[in-house]
Amino acid sequence: MPGLIERYRDRLPFAPGDPVVSLQEGSTPLVPAPQLSERVGAQVWLKVEGANPTGSFKDRGMTCAVSAAVREGATAVICASTGNTAASAAAYAARAQITGAVIVPEGKIATGKLAQALMHGARVIALRGNFDQALELVRELSANHPIALVNSVNPFRLEGQKTASFEILDEIGPIDALCIPVGNAGNITAYWKGFQEMGSAPRMHGFQAAGAAPLVSGQRVEHPETVASAIRIGNPARWEEAMTAMRDSRGGVEAVSDAQILDAYRFLAAREGVFCEPASAASVAGLLVHGAPEGARRIVCVLTGHGLKDPQVALEQSGSVVPCEPDIAAVERAVLG
Ligand SMILES: *Cc1c(COP(=O)(O)O)cnc(C)c1O
């Protein structure tokens, strides 16, 4: 498959001949989830966004944001990030041969994401503060310098991310409900935009981590805390749009605890064979905890990022390896238990 700008150019703000910075993102697997379907009594699919080039859905927005920045003559891009936006911005900046700078909360981003940003040659700045502060600072910086801001406050990000809805509709037709993790609330806003543009209106069910659930409480969270680092955000930039999407689609927003997120995370890996990162599992945790929305028979859960992004949490959450001497009897005991 070509990258998503080429695939969906007629529905994106790019003309033929515009520069395209692509790593052939999008066209990700929509995997049936038989075990989960049985648990909730509905037909459930997993939109495996970890299959994107840098391992998260952020690539959908980034191909558009960086292509547009290059079209406008930008020579540098910057973002604040809980990790995946940084990894993606760094990769697309490298691809475009422009400078990438990323500001991340110090000590709060998963190992894989940090490795990616550094390997792609971005300038990585560790802020002694949280994501919300980082976003405020890069907004100010990009207003005063010729550096393109590629956070999801950038409208091109949402344009790219809405293509995931097109793919779902192209592949399985209309669905009844979408379950999706919500952090800065750009992605749920983008999916709703995509569905609406296609005349479709599934119920949008957003899920936040209990320690970072401003949309649920209706109040900013000063010190967001959760194991799901990608959604550790206390003041979502797309707050109003996300609430509108959930209201207009007759969906809703709920919180799930870290324990529930980690249950779903292990369930997906061990029972469905799909390894996502903890934040991604919030969508499935929500579905498991709250059940299928009433009357919903066809449901898609968005798995936003790949499990390998955060090996530390994975190792903490899984069994241990079995040590073994190199002789057949020991191996037999070890294997057959
Ligand atoms: C960015 C991200 C989210 C949250 O998406 P928003 O658009 O900020 O709501 C969820 N999961 C993962 C893995 C992410 O990288």
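Our structure's up above, just so we're on the same page.
About the criteria used
- Residues numbered from 1 in each chain as written.
- Predicted model: local features only at pLDDT ≥ 70, side-chain atom pairs only at ≥ 80, totals over all residues.
- Heavy atoms only, no water.
- Pairing = 2+ DSSP bridges.
- Helix = DSSP H or I, 4+ residues; strand = E, 2+ residues; numbered from the N terminus.
- Axes fitted to C-alpha atoms, helices over the stretch in contact; angles between N-to-C directions.
- Contact = heavy atoms within 4.5 Å.
- Buried < 20%, exposed > 50% of the residue type's maximum accessible area, 1.4 Å probe, protein only.
- Polar contact = N/O pair within 3.5 Å; in protein donor to acceptor, adjacent residues only side chain to side chain.
- Parallel < 35°, antiparallel > 145°, perpendicular 65-115°, else oblique.
- Nonpolar A, V, L, I, M, F, W, Y, C, P; charged D, E, K, R; others polar.
- Near = heavy atom within 4 Å.
- Areas by Shrake-Rupley, 256 points an atom, 1.4 Å probe, with all protein chains shown as cover.
- 1 Å grid on protein atoms, 1.4 Å probe; cavity = no way out; pocket = protein on both sides within 12 Å on 5 of 7 lines; lining within 4 Å.
- Sits in = over half its atoms within 2 Å of the grid points.
- Core = buried A, V, L, I, M, F, W, Y, C linked by side-chain atoms within 4.5 Å.
- Right-handed = clockwise from strand over helix to strand, strands pointing away.
- Points joined across faces, edges and corners; volume = space filled by probe spheres on them.
- Domains from an automatic or database assignment.
- Phe/Tyr/Trp six-rings, centres within 6.5 Å; stacked < 30°, edge-to-face > 60°.
- Left-handed = near helix turned anticlockwise from the far one by under 90°.

Novice: Explain the sheet that holds strand 8 (residues 203-209) residue by residue, including any values.
Specialist: Spatially, the six strands line up as an open sheet ordered 1-2-10-7-8-9, and their pairing is mixed. Two strands bound the open sheet, and with one partner strand each, they are strand 1 (30-32) and strand 9 (252-256). Strand-to-strand twist in this sheet, taken as the mean axis angle between neighbours without regard to direction, amounts to 25°. For strand 2 (residues 43-48) and strand 10 (residues 298-303), the ladder comprises six bridges, and the chain directions are parallel. By the bridge assignment for strand 10, W45 is matched with V300. Across the face of the sheet, helix 13 (residues 278-290) comes into contact with strand 2, strand 7 (177-181), strand 8, strand 9 and strand 10 while running at roughly 150° to strand 10.

Novice: Explain the environment of S165 to me, and be specific about the residues and the numbers.
Specialist: By the element assignment, S165 lies in helix 8 (residues 163-172). Judged by its relative accessible area of 0%, S165 is buried. On a C-alpha basis, the gap between S165 and V48 in space is 13 Å, while along the polypeptide they are 117 residues apart. If we ignore the near neighbours within four places in the chain, the residues touching S165 are Y191, G194 and F195. Only 2.8 Å separates the side chain of S165 from the backbone oxygen of Y191, close enough to count as a polar contact.

Novice: Can you break down the packing of helix 12 (residues 258-272) against helix 13 residue by residue, with the values?
Specialist: Between helix 12 and helix 13, whose axes approach to 7 Å, the crossing angle comes to 100°. Viewed along their axes, helix 12 and helix 13 adopt a mutual orientation that is roughly perpendicular. Only P278, A281, A282, V284, A285, L288 and V289 of helix 13 make contact with helix 12, whose side of the interface consists of Q260, I261, A264, Y265 and L268. Grouping the constituent residues of the contact of helix 12 with helix 13 by class yields eleven nonpolar, one polar and no charged.

Novice: Describe the site of the ligand, with residues and values.
Specialist: Neighbouring the ligand are 16 residues; K58, N84, N184, N187 and T304 lie closest to it. Contact distances for the ligand include 2.8 Å between an oxygen atom and a backbone N or O atom of G183. Between the ligand and A185 there is a distance of 2.8 Å, counted from an oxygen atom to a backbone nitrogen or oxygen. Isolated, the ligand exposes 380 Å² of accessible area, and the fraction of that covered by the protein chains is 97%. Taking a 2 Å distance to the grid points as the criterion, the majority of the atoms of the ligand fall inside the largest cavity. The set of elements that each furnish at least two residues to the shell around the ligand consists of helix 9 (186-197) and helix 13. Here the shell around the ligand is built from residues that sort into six nonpolar, eight polar and two charged.

Novice: So what's going on with the nonpolar core? Which residues, and what values?
Specialist: In terms of nonpolar packing, the biggest core is built from 35 residues, with L36, L46, I261, V284, L287, I299 and C301 touching the most fellow members. Contributions of two or more residues to this core are made by helix 2 (34-40), strand 2, strand 7, strand 8, helix 12, helix 13, strand 10 and helix 14 (311-317). When neighbours within four sequence positions are excluded, C301 is seen to be in contact with L36, V44, W45, L46, K47, C179, S283, V284 and L287.

Novice: Provide a residue-level description of the pairing of strand 7, including the pertinent values.
Specialist: Within strand 7, five of the five residues are buried, which leaves it mostly tucked inside the rest of the structure. Burial of the side chains of strand 7 extends over both faces: A177, C179 and P181 are buried on one face and L178 and I180 on the other. Pairing geometry for strand 7 and strand 8, over five bridges, is parallel. Residue pairing in the sheet places I180 in a bridge with G206 of strand 8. Handedness of the strand 7-helix 9-strand 8 crossover: right-handed. With three bridges joining them, strand 7 and strand 10 adopt parallel strand pairing. Across the sheet, residue A177 finds its bridge partner in strand 10, namely I299.

Novice: If you had to explain the layout of surface pockets to someone new, which residues and values would you point to?
Specialist: Here the largest pocket is characterised by a volume of approximately 320 Å³. Among the elements that take part in the lining of the largest pocket, helix 6 (residues 131-144) stands out by supplying four residues, more than any other. Lining the lining of the largest pocket are residues from two domains, each supplying at least three of them: domain 1 (4-56 + 156-316) and domain 2 (58-154). Of the volumes computed, that of the second largest pocket is approximately 170 Å³. As for the second largest pocket, its lining consists of G107, K108, I109, A110, T111, V227, S229, R232, D310, Q312, V313 and E316. The element best represented in the lining of the second largest pocket is helix 14, accounting for three residues.

Novice: Lay out the packing of aromatic side chains with the relevant residues and their values.
Specialist: All told, the structure shown has four aromatic pairs when counted by the stated rule. Between Y191 and F195, the aromatic rings sit 6.4 Å apart at their centres with planes inclined by 40°, giving tilted as the arrangement. One end of the pair, Y191, and the other, F195, are both in helix 9, four residues apart, so they sit about a helical turn from each other. For the pair Y191 and F195, a shared accessibility class is recorded, and that class is buried.

Novice: Go over the packing of helix 8 against helix 9, please, and point to the residues and values.
Specialist: Viewed as axis vectors pointing N to C, helix 8 and helix 9 meet at an angle of 50°, and their least axial separation amounts to 7 Å. The angle between helix 8 and helix 9 places the two elements in the oblique class. Remark: the crossing between helix 8 and helix 9 carries right-handed chirality. Note on element contacts: helix 9 touches helix 8 through Y191, G194, F195 and E197, opposite A164, S165, F166, I168 and L169. When its residues are assigned to classes, the contact of helix 8 with helix 9 shows six nonpolar, two polar and one charged.

Note that all results are geometric; they support no functional claim without further evidence.
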